[in-house]
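# Descriptive analysis of the structure
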Amino acid sequence: PTSHSAPRTRANARKMSDSDEPIAAGDKEAWLRARGVEIETPEDRVRIAAEKAAALAARTEALERGAPMRAFKYVMIPCDDDAPFVECEARCGLDEAGDVLPLELKSRFAGGGEVDASKVKAQAMRTLGEQGAGVSKEAIMRETKDGSTETFALVRPSEHNGWCGVYLYLDEVGMLKGLPPNRRAGRLAMECGFDGVNFFGDMFIGRVQTKPAPMRSVDFKLSDLDSSAPWMRSATMENVEYSKGLKELEAAMGRNGGMQTINMDGSGGASAGGGNASNMPSGKADGYRWEQTEDEIELIVDVPRGTTSKSVRVLFKPRQVVVKINDETVCDIERLYDAVRPDECTWTMGPDEVCVSMAKTDEENIWRALVADS
């Protein structure tokens, strides 16, 4: 953190971008929050963490005194391919708002081994550049000793799916601990249009409903993992439309005096920022177009209508991206303007295009072109 109101989403975004009227901050946030995106500053994160801790304490106290509670289902996806999926149940207050699972599952991700110091440094350098050299194994262990939950949006809430998003919940430092890969979760993400995403350790999958307000955790049952489930059949197209609608909204916000930097990796977060996508270079060439945000390059490659995700392969290297259909190369950018992080690059499938998202290595570098000079 998806055939739906996506056409309406895109129309609304265009209407805002074509208007000469400024877009109110509340309208921007409402569009994003309805789709499960959290918008928060560092100060907000401190406040929210304290509120969640208080909510957990209140829930524990309510359980102990037998207060009325409500239950909802979620599913465990073990990293062992031979282990069965497990339907689990969580309980929360009758009126408890928000996504309950990150806090509920936190303790499940405690322990599991120490983080690898070399992996910590490599990941910090990829994410923070030279500043990452100061991140230590001890600091990571201290921050995650009680468990730390990361979320990955498989499909975001929309009118078509009843404003219900489906999310994966995983150990935030599972890769750094050297946990076994979770191949089934990776295949599930691929079915939803996210290729090349790697997960580690046991994981969980749940559902959140954002409308009618407030946002709250709701049932995700074992039967919802069937490939014929409605949410899964429409996930890929909904994710493409969400991405397009978000890009159009960012452009509209940029034209009207500023925007927010949106985290497009599916984790469901967003942070306040001062970037302006409409002022950043972008371009078109034969068979593709590209644009950028402060931290990401998006490459949209034209493909024949009816192309399926199973026939597409996208290969990432730090300075190269290759898109193939049935093993035939349709786009090969050999000298990217700057380096990207291959392990954080993803792609989704549209009706007649492949949308490739590449994470910049240097988030402060505005690309003047997609291809570097010879």
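Above this text sits the structure in question.
Structure report, in brief. (Residues numbered from 1 in each chain as written. Predicted model: local features only at pLDDT ≥ 70, side-chain atom pairs only at ≥ 80, totals over all residues. Heavy atoms only, no water.)

### Here's the deal with the pattern of salt bridges
- This structure, assessed with the given rule, holds seven salt bridges.
- Lys-177 serves as the salt-bridge partner of Asp-171, at 2.8 Å between the closest nitrogen and oxygen.
- Asp-171 gets classed as buried once you look at its relative accessible area, which sits at 6%.
- Classification of Lys-177 by relative accessible area gives buried; the value is 11%.
- Here Glu-344 and Arg-341 are joined by a salt bridge, their closest N and O atoms 3.6 Å apart.
- Look at Glu-344 and you get partly exposed, because its relative accessible area is 32%. (Salt bridge = Lys/Arg side-chain N within 4 Å of Asp/Glu carboxyl O. Buried < 20%, exposed > 50% of the residue type's maximum accessible area, 1.4 Å probe, protein only.)

### Focus: the nonpolar core
- Among the nonpolar cores identified, the biggest contains 24 residues, and Leu-299, Val-314, Val-321, Val-356, Met-358 and Leu-370 are the most heavily contacted of them.
- Listing elements by their share of this core, those giving two or more residues are β11 (288-292), β12 (296-302), β13 (312-317), β14 (320-325), β15 (328-333), β16 (346-349) and β17 (353-359).
- Counting residues in each nonpolar core, the second largest holds 23 residues, with Leu-168, Ala-189, Leu-225 and Met-232 among its members. (Core = buried A, V, L, I, M, F, W, Y, C linked by side-chain atoms within 4.5 Å. Helix = DSSP H or I, 4+ residues; strand = E, 2+ residues; numbered from the N terminus.)

### Comments concerning the environment of Leu-63
- Topologically, Leu-63 is positioned in helix α3 (residues 42-64).
- Residue Leu-63 is classed as partly exposed on the basis of its relative accessible area, which comes to 43%.
- Distance in space between the C-alpha atoms of Leu-63 and Cys-92 is 8.5 Å, their sequence separation being 29 residues.
- Once you skip the residues sitting within four places of it in the chain, Leu-63 turns out to touch Met-69 and Arg-91. (Contact = heavy atoms within 4.5 Å.)

### Notes on the pairing of β15
- Alignment of β14 against β15, held across five bridges, turns out to be antiparallel. Considered in β15, the bridge of Val-322 is made with Asp-332.
- In this structure, the hairpin formed by β14 and β15 is closed by a connection of two residues, where Asn-326 is found at a positive phi of approximately 50°. (Pairing = 2+ DSSP bridges.)

### So, the packing of aromatic side chains
- Going through the model one piece at a time under the given rule, you end up with six aromatic pairs.
- Considering the side-chain rings of Tyr-337 and Trp-367, the 6.1 Å spacing of their centres and the 40° angle between planes classify their relative orientation as tilted. One end of the pair, Tyr-337, is in the loop between β15 and β16; the other, Trp-367, is in the segment after β17, with 30 residues separating them in the sequence.
- Using a relative accessible area of 28% as the deciding quantity, one classes Tyr-337 as partly exposed.
- Here the aromatic residues Tyr-74, Phe-109 and Phe-204 are joined through ring pairs into a cluster of three or more. (Phe/Tyr/Trp six-rings, centres within 6.5 Å; stacked < 30°, edge-to-face > 60°.)

### Points about the sheet that holds strand β10 (residues 283-285)
- With respect to topology, five strands assemble into an open sheet ordered β10-β11-β12-β17-β16, the strand pairing being antiparallel. In the strand order of this sheet, the two ends are held by β10 and β16, each with one partner. Each neighbouring strand pair of the sheet contributes to a mean axis angle of 15°, computed without reference to strand direction.
- Here four bridges tie β16 to β17, and the two strands are oriented antiparallel to one another. By the bridge assignment for β17, Thr-346 is matched with Ser-357. (Axes fitted to C-alpha atoms, helices over the stretch in contact; angles between N-to-C directions.)

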